[in-house]
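Listed below are the residues making up each chain.
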Amino acid sequence: MHTDEYEISLNRELNHHQHVVRKIRAGLAQRQLRYKMDYAEAAKAVAAGRLTITAKELAAWQEDLEALPQWEQRLEEYRKALAMMRISAPQS
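Computed from a predicted model, the values in this text were never measured in an experiment. (Residues numbered from 1 in each chain as written. Predicted model: local features only at pLDDT ≥ 70, side-chain atom pairs only at ≥ 80, totals over all residues. Heavy atoms only, no water.)

Colleague: Is there a simple way to explain the nonpolar core in this structure?
Modeller: Buried together is how nonpolar side chains tend to be arranged in soluble globular proteins. In this structure, I24, L51 and W61 are the most contacted members of the largest nonpolar core, which totals 21 residues. Looking at this core, the elements with two or more residues in it are helix 1 (4-35), helix 2 (39-47) and helix 3 (55-88). Every residue in contact with W61, bar those within four places of it in the chain, is listed here: L28, R31, Q32, Y35, M37, D38, Y39, A42 and I53. (Core = buried A, V, L, I, M, F, W, Y, C linked by side-chain atoms within 4.5 Å. Buried < 20%, exposed > 50% of the residue type's maximum accessible area, 1.4 Å probe, protein only. Helix = DSSP H or I, 4+ residues; strand = E, 2+ residues; numbered from the N terminus. Contact = heavy atoms within 4.5 Å.)

Pasting the structure below:
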C-alpha cells in the first residue's frame, strides 16, 4: 500500500543515510591524507612507535571503518524500498 507519508518518511531516511555515508567517507579520506596511510598502516605505525596519534583518534578511525559498510547497506535498502514504493504508486 502506497501513501505519501510512507514515501516522505523513506525519502527522509534515505537523505539522512546519504548524509552520514558522505560524512564518514570524508572523515576517512581526511585521516588518510593527514597521516598519509590507511588505518591498518597507521595502527601498525602506532604499535611500532613510528606514529603519534591519540588512542581516541585511532579508535574513531576504526569505528568509522566498521560503521561505513553498515550505513552503506542501510542506504541501499532505503534506495530499493523507495524505488519499489514509486513503482507501486498508483498513477494519476
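On we go from here.
Colleague: Help me understand the environment of L28 in this model?
Modeller: Examined against the element boundaries, L28 turns out to sit in helix 1. Linking L28 and D38, residues 10 residues apart in sequence, is a C-alpha distance of 8.6 Å. Leave out the neighbours within four places in its chain, and L28 touches W61, D64, L65 and L68.

Colleague: Would you take a moment to explain the packing of aromatic side chains for this structure?
Modeller: Each aromatic ring pair is characterised by the separation of its centres together with the angle its planes make. Within the structure shown, the criterion is met by 2 aromatic pairs. Arranged with centres 5.7 Å apart and planes meeting at 25 degrees, the rings of Y35 and W61 form a pair that is stacked. Of this pair, Y35 sits in helix 1 while W61 sits in helix 3, and the two are 26 residues apart along the sequence. Relative to W61, the ring of Y39 has its centre 5.8 Å away and its plane inclined at 70 degrees; by these criteria the two rings are edge-to-face. Taken as a pair, Y39 in helix 2 and W61 in helix 3 lie far apart in primary sequence, 22 residues in all. (Phe/Tyr/Trp six-rings, centres within 6.5 Å; stacked < 30°, edge-to-face > 60°.)

Colleague: Even after reading the chapter, I still don't get the confidence of the model for the protein, so can you show me in this structure?
Modeller: Confidence along the protein averages 92 in pLDDT terms, with 92% of residues attaining 70 or more. When mean pLDDT is compared element by element in the protein, helix 2 scores highest at 96, while helix 3 scores lowest at 94. (pLDDT = per-residue confidence, 0-100.)

Colleague: Quick question: what am I supposed to make of the environment of E72 here?
Modeller: Topologically, E72 is positioned in helix 3. Of the residues examined, E72 reaches a relative accessible area of 28% and is grouped as partly exposed. Taking the C-alpha atoms as reference points, E72 and R22, separated by 50 residues in sequence, lie 9.8 Å from one another. Ignoring any residue separated from it by four or fewer positions in sequence, one finds E72 in contact with V21 and R25.

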